[in-house]
There are 2 protein chains.
Amino acid sequence: MSEPTIRAEKLDAADELAGLRDRFVLDEGVYLDGNSLGALPANVPDRITDVVRRQWGGLRIRSWTESGWWTAPERVGDRIAPLVGAAPGQIVVGDSTSVNVFKALVAAVRMAREVSGGGDRDEILVDATTFPTDGYIAGSAARTTGCTLRPVTPAEVPGALTPRTAAVLLNHVDYRTGRLYDLPSLTAAVHAAGAYAVWDLCHSAGALPVGLDDHGVRLAVGCTYKYLNGGPGSPAFLYVRHDVQERFDSPLPGWNSHAEPFGMRPEYEPAAGVLRGRVGTPDILSLLALEAALDVWDGVAIEAVRAKSLALTDFFLECVAAYVPAGRVESLTPAAHEERGSQVALRCPDAGDVMKRLIARGVVGDFRHPDVLRFGFTPLYVGFADVERAARVLAEVLAG
Amino acid sequence: MSEPTIRAEKLDAADELAGLRDRFVLDEGVYLDGNSLGALPANVPDRITDVVRRQWGGLRIRSWTESGWWTAPERVGDRIAPLVGAAPGQIVVGDSTSVNVFKALVAAVRMAREVSGGGDRDEILVDATTFPTDGYIAGSAARTTGCTLRPVTPAEVPGALTPRTAAVLLNHVDYRTGRLYDLPSLTAAVHAAGAYAVWDLCHSAGALPVGLDDHGVRLAVGCTYKYLNGGPGSPAFLYVRHDVQERFDSPLPGWNSHAEPFGMRPEYEPAAGVLRGRVGTPDILSLLALEAALDVWDGVAIEAVRAKSLALTDFFLECVAAYVPAGRVESLTPAAHEERGSQVALRCPDAGDVMKRLIARGVVGDFRHPDVLRFGFTPLYVGFADVERAARVLAEVLAG
């Protein structure tokens, strides 16, 4: 056996999380795309069948109370909370990430203006390297609040903050390169300038400790279909810190966010707490699939997940270095642990074609235009032998 | 047998839609709450199992293309289209009704201003009798576009239109009373004034012919979990008429609405056609449950549904008149067919208690604060014997 193969065997044997793979439905391939769509947790199909047949089919309308449908957005939010370092009562689940970015960013601008006592804060900073939807939505948030939008790299944020800055939209992990940003220090800098930071946790929730409460984050959003395995297009989450909830002024004040939703009152009065982040009728099938999917985290510490994630990405880079001729691919992912999320991005000119051939050989990552191979490492169900195999097949594909 | 019982038997025997009941999962009760949550179509559970186990669990990320996930919002929209009188390519499905009201209303204001060449249109009219969420969201749409919001009854709309009116949000059927409004003439009046009408079809889509294309409607939204039986919180739909799509300027320009969503371009460029009404990643489980649910409409003409709906509500009012002492309840639902949706609302002071006792006896309607009993009649699975029984049990409950 080659050296990396022996190493993989030893690492797998010592992996305390190895048994968690049985909580998922997987096949003989290597799935390194859990950063795009998490694998199916094994308990989800039966739960969904129960939701459809018994709760919807049998109880019908009664399920809004008897099956706990009505309170699912905040209940599922409380299940996500410990994974991102939040105490209960600060997260609601519902709507897409884009819609939640809009809610959070408009609310951020309104809060920043309220504190500074007027409309003189008129600029939104947005991570110029962000997943595009965040930038598009930030543009709309700026337009609807009378702000200008200024794209900056995360590194430029501290220097770009001025008394005019209302809000800053940041990604915790860059979707393309896998770079992890320094959430504590950036949050502190934004807040020190009197502005509000909104964090997009799509590529960190479920992948590494976020520490929302500890780091004083006020507003964050994230998706649930990547490292949280909620299923295709499962609803996103919104975090609103306890001490700003009373001032959270949503641009989408649907009836589900009302203090008395069934009062059918013509005047809007927001609910207390994070419930005011809700909008319309929650999407129950997807929400309860997500709730079931969160069972895979029972007894799992996010710190252990992070340790394994770093070991997996370290080992992948090591295997790639051992198998792939120098210069054939270039890693866009930082080598330093404190700057790395849970994915590795490799650049090569023929990335689109390479990824097609990898997938045909059972190694599933994804391609990002124009030249990036993305490999996501989900410690709950990816092992070290998978990593060695992926690197080996990649080398063969690149050689061929 | 009593006179109404004999009538019910005859009506059921002559009912050409009676066989459709077998397309649903029902029990021995009488379900008159399909205007709140439609019953489970019998083919949905197996479809969802396939989506979860094979498409998500087996194909995983490949399903975005291979299982048609990516194009589901517009494909399912085209399935809804004939039920509301729309040619293909004008409806997308996704997000909640509230979110779609926001999109449509903000876009309406922007379009009205573009046509009149400036910002002098600064008023939104909203149906004062509407389901509250529409009013709350209209308030937010007004705030984010610099408009004032003016609540008026639908009857007052023609007289309230001025050169300052930008948009008018109207309900096709009142959620509380079941009153049907005159969509063709109100649409014409609003458009003649240079403003844009947005129709909320929550209580008419799947219940009666809407005729969107025929009546020149430009913008409409509707929910899919009532008469379209899509399941709890299934995604809503947005209709944007062909000839205004190019000017539809969404306040929620998520990456799914981009001309080139996987181009990951920093500049936003809206997709052609109704796709620009999309926002974020579509909620696949709920969307595909809805797609399966729409199979129950195969071979069913909405005109036949409407004819039966009127017969059902006529017969219910007739049975109530026969069984319930005069004055004990008062109908809020218009007697004239052209003013009646597919529900009957009865007012009585003890409505909350009465509904509880009805439900305990297997007749499921719902209660709307403070004194309204709502009974929805879904012609696909409600028969005339159900109607007679509901009125009879109601009379018994009211008698004490």
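Computed from a prediction, not measured in an experiment: that's the story for all the values here.

1. Brief notes about the overall build of chain A
Step number 1: Each helix and strand counted, chain A has 12 helices and 15 strands in total.
Step number 2: Relative to a compact globule of 400 residues, whose C-alpha radius of gyration would be 21 Å, chain A shows 22 Å and is just as compact.
Step number 3: For chain A, the C-alpha atoms occupy an extent of roughly 70 × 60 × 35 Å along the three principal directions.
Step number 4: Every one of the 400 residues in chain A was classed for burial, and the buried ones make up 57%.
Step number 5: Once local pairs closer than 6 in sequence are excluded, the contacts in chain A between residues at least 24 apart make up 72%.

2. Quick notes on the domain arrangement of chain A
All names here are of chain A.
Step number 1: Under the domain assignment, chain A is made up of domain 1 (3-41 + 301-399) and domain 2 (70-297).
Step number 2: Here the C-alpha centre of domain 2 lies 29 Å away from the C-alpha centre of domain 1.
Step number 3: Contact residues are listed per partner, giving 27 residues for domain 1 and 22 residues for domain 2.
Step number 4: Of all elements in the fold, only helix H10 (302-323) and strand E12 (343-347) reach the threshold of two or more residues within the side of domain 1 that touches domain 2.
Step number 5: Of the residues forming the side of domain 1 that touches domain 2, the biggest block, 4 residues, is contributed by H10.
Step number 6: Broken down by class, the residue content of the side of domain 1 that touches domain 2 amounts to 11 nonpolar, 10 polar and 6 charged.

3. Digging into the packing of helix H2 (residues 44-59) of chain A against helix H2 (residues 44-59) of chain B
To describe two helices that pack against each other, one gives the angle between their axes and the distance between the axes.
Step number 1: With their axes 10 Å apart at the nearest point, H2 of chain A and H2 of chain B run at an angle of 160° to one another. In terms of orientation, H2 of chain A and H2 of chain B fall into the roughly antiparallel class. Like other packed secondary-structure pairs, H2 of chain A and H2 of chain B cross with a definite hand, here right-handed. Residues Val44, Pro45, Ile48, Thr49, Val52 and Arg53 of chain A of H2 of chain A lie in contact with H2 of chain B, whose contacting residues are Val44, Pro45, Ile48, Thr49, Val52 and Arg53 of chain B.
Step number 2: Class assignment of the residues belonging to the contact of H2 of chain A with H2 of chain B gives a composition of 8 nonpolar, 2 polar and 2 charged.

4. With respect to the environment of Thr378 of chain B
Step number 1: Relative to the helices and strands, Thr378 of chain B resides in the loop between strand E15 (372-376) and helix H12 (384-399).
Step number 2: When near neighbours in sequence (up to four residues on either side) are disregarded, Thr378 of chain B contacts Gly34, Gly38 and Tyr227 of chain B.

5. A short note on the interface of chain B and chain A
Interfaces are frequently sized by the accessible area removed from exposure as the parts join.
Step number 1: At the interface, 61 residues of chain B touch 61 residues of chain A.
Step number 2: Those elements that provide at least two residues to the side of chain B that touches chain A are H2, helix H5 (97-116), helix H6 (132-145), helix H9 (284-293) and strand E14 (366-368) of chain B.
Step number 3: Its residues assigned to classes, the side of chain B that touches chain A comprises 33 nonpolar, 20 polar and 8 charged.

6. With respect to the relation of the copies chain B and chain A
Step number 1: Turning chain B through 180° and shifting it by 0.0 Å along the axis lays it on chain A, with an RMSD of 0.0 Å. The superposition of one copy onto the other is thereby described by a two-fold rotation axis. Closest approach to the rotation axis among the C-alpha atoms of chain B is made by Thr144 of chain B, whose C-alpha sits 2.5 Å away.
Step number 2: In this assembly the copies share their binding face: 100% of the residues contributing to the interface of chain B also contribute to that of chain A.

7. Here's the deal with the packing of helix H11 (residues 351-360) of chain A against helix H12 (residues 384-399) of chain A
Residues and elements named next belong to chain A.
Step number 1: Relative to each other, H11 and H12 sit at 130°, their axes nearing to 10 Å. Compared by their axis directions, H11 and H12 come out oblique. Both H11 and H12 take part in a crossing whose hand is right-handed. Contacts between H11 and H12 pair Val354, Arg357 and Leu358 from the former with Val393, Leu394, Val397 and Leu398 from the latter.

8. A few points about the pairing of strand E7 (residues 165-171) of chain A
Each regular strand carries side chains that alternate between the two faces of the sheet.
Residue and element names in this part refer to chain A.
Step number 1: Extensive coverage of E7 is indicated by the burial of 7 of its 7 residues.
Step number 2: Of the pairings in the sheet, the one linking E7 to strand E8 (residues 196-200) comprises 5 bridges and is parallel in character. Within E8, the residue paired with Val168 across the bridge is Ala197.
Step number 3: In this region the chain leaves E7, passes through helix H8 (residues 183-192) and returns to the parallel neighbour E8; the handedness of that crossover is right-handed.

9. Digging into the sheet that holds strand E8 (residues 196-200) of chain B
Residues and elements named next belong to chain B.
Step number 1: Read across the sheet, 7 strands follow the order E4-E10-E9-E8-E7-E5-E6 without closing on themselves; strand pairing throughout is mixed. In this open sheet, the two edge strands, each paired with only one partner strand, are strand E4 (91-93) and strand E6 (148-152). On average, each strand axis in the sheet is tilted by 20° relative to the strand beside it, whichever way the strands run.
Step number 2: In this structure, strand E5 (residues 123-127) lies alongside strand E7 (residues 165-171), joined through 4 bridges in parallel fashion. The residue of E7 that forms the bridge with Ile124 is Ala167.
Step number 3: In the packing of helix H4 (residues 72-80) onto the sheet, the strands contacted are E4 and strand E10 (237-240), and the crossing angle to E4 comes to about 120°.
Step number 4: Its contacts with the sheet place H6 against E5, E6, E7 and E8, and it is angled at close to 175° to E5.

10. Considerations on the nonpolar core
As a rule of thumb, soluble globular proteins bury nonpolar side chains together.
Step number 1: Formed by 268 residues in total, the largest nonpolar core has its most connected members in Leu105 of chain A together with Leu105 of chain B.
Step number 2: In this view, Leu105 of chain B contacts Ile124, Ala138, Ala141, Ala167, Leu169 and Val198 of chain B; residues no more than four positions away in its chain are not counted.

11. Overview of the sheet that holds E7 of chain A
Residues and elements named next belong to chain A.
Step number 1: Strand order in this open sheet of 7 strands is E4-E10-E9-E8-E7-E5-E6, and the pairing throughout is mixed. Of all strands in the sheet, those with a lone pairing partner are strand E4 (91-93) and strand E6 (148-152), marking the two edges. Strand-to-strand twist across the sheet, computed as the mean angle between neighbouring axes with direction ignored, equals 20°.
Step number 2: The strands touched by helix H6 (residues 132-145) within the sheet are strand E5 (123-127), E6, E7 and E8, with E5 carrying the most contacts at an inclination of about 175°.

12. Thoughts on H6 of chain B
All names here are of chain B.
Step number 1: With 14 residues, H6 extends 20 Å from end C-alpha to end C-alpha; this agrees with the ideal 20 Å at 1.5 Å per step.
Step number 2: The element H6 is largely enclosed, with a buried count of 12 among its 14 residues.
Step number 3: Those residues of H6 that fall on the buried side of the exposure criterion are Pro132, Thr133, Asp134, Gly135, Tyr136, Ile137, Ala138, Ser140, Ala141, Ala142, Thr144 and Thr145.
Step number 4: Of the residues flanking the end of H6, it is Gly146, one or two places downstream, whose phi is positive at about 70°.

13. Quick word on the pairing of strand E12 (residues 343-347) of chain B
Residue and element names in this part refer to chain B.
Step number 1: Summarising burial for E12: 4 of the 5 residues are buried, a large majority.
Step number 2: As paired strands, strand E11 (residues 330-331) and E12 are joined by 2 bridges and run antiparallel to one another. Within the sheet, the bridge partner assigned to Glu330 lies in E12 and is Arg347.

14. Observations concerning unusual backbone geometry
Step number 1: Cis geometry is found at the peptide bond from His369 of chain A to Pro370 of chain A, where omega equals 0°.
Step number 2: Along the chain, Pro370 of chain A turns up in the loop between strand E14 (366-368) and strand E15 (372-376).
Step number 3: Backbone geometry at Asp95 of chain B places phi at a positive 65°, although glycine is not the residue there.
Step number 4: Counting through the fold element by element, Asp95 of chain B comes out in the loop between E4 and H5.
Step number 5: With 33 C-beta atoms counted inside 10 Å, the residue Asp95 of chain B sits in the buried group.

Conventions and cut-offs
- Residues numbered from 1 in each chain as written.
- Chains lettered and ligands numbered in written order.
- Predicted model: local features only at pLDDT ≥ 70, side-chain atom pairs only at ≥ 80, totals over all residues.
- Helix = DSSP H or I, 4+ residues; strand = E, 2+ residues; numbered from the N terminus.
- Rg over C-alpha atoms; globule rule 2.2 N^0.38 Å.
- Buried ≥ 20, exposed ≤ 12 C-beta atoms within 10 Å, placed from the backbone.
- Contact = placed C-beta atoms within 7 Å.
- Domains from an automatic or database assignment.
- Nonpolar A, V, L, I, M, F, W, Y, C, P; charged D, E, K, R; others polar.
- Axes fitted to C-alpha atoms, helices over the stretch in contact; angles between N-to-C directions.
- Parallel < 35°, antiparallel > 145°, perpendicular 65-115°, else oblique.
- Left-handed = near helix turned anticlockwise from the far one by under 90°.
- Least-squares fit on C-alpha atoms with pLDDT ≥ 70 in both.
- Pairing = 2+ DSSP bridges.
- Right-handed = clockwise from strand over helix to strand, strands pointing away.
- Core = buried A, V, L, I, M, F, W, Y, C linked by C-beta atoms within 7 Å.
- Expected span 1.5 Å × (residues − 1).

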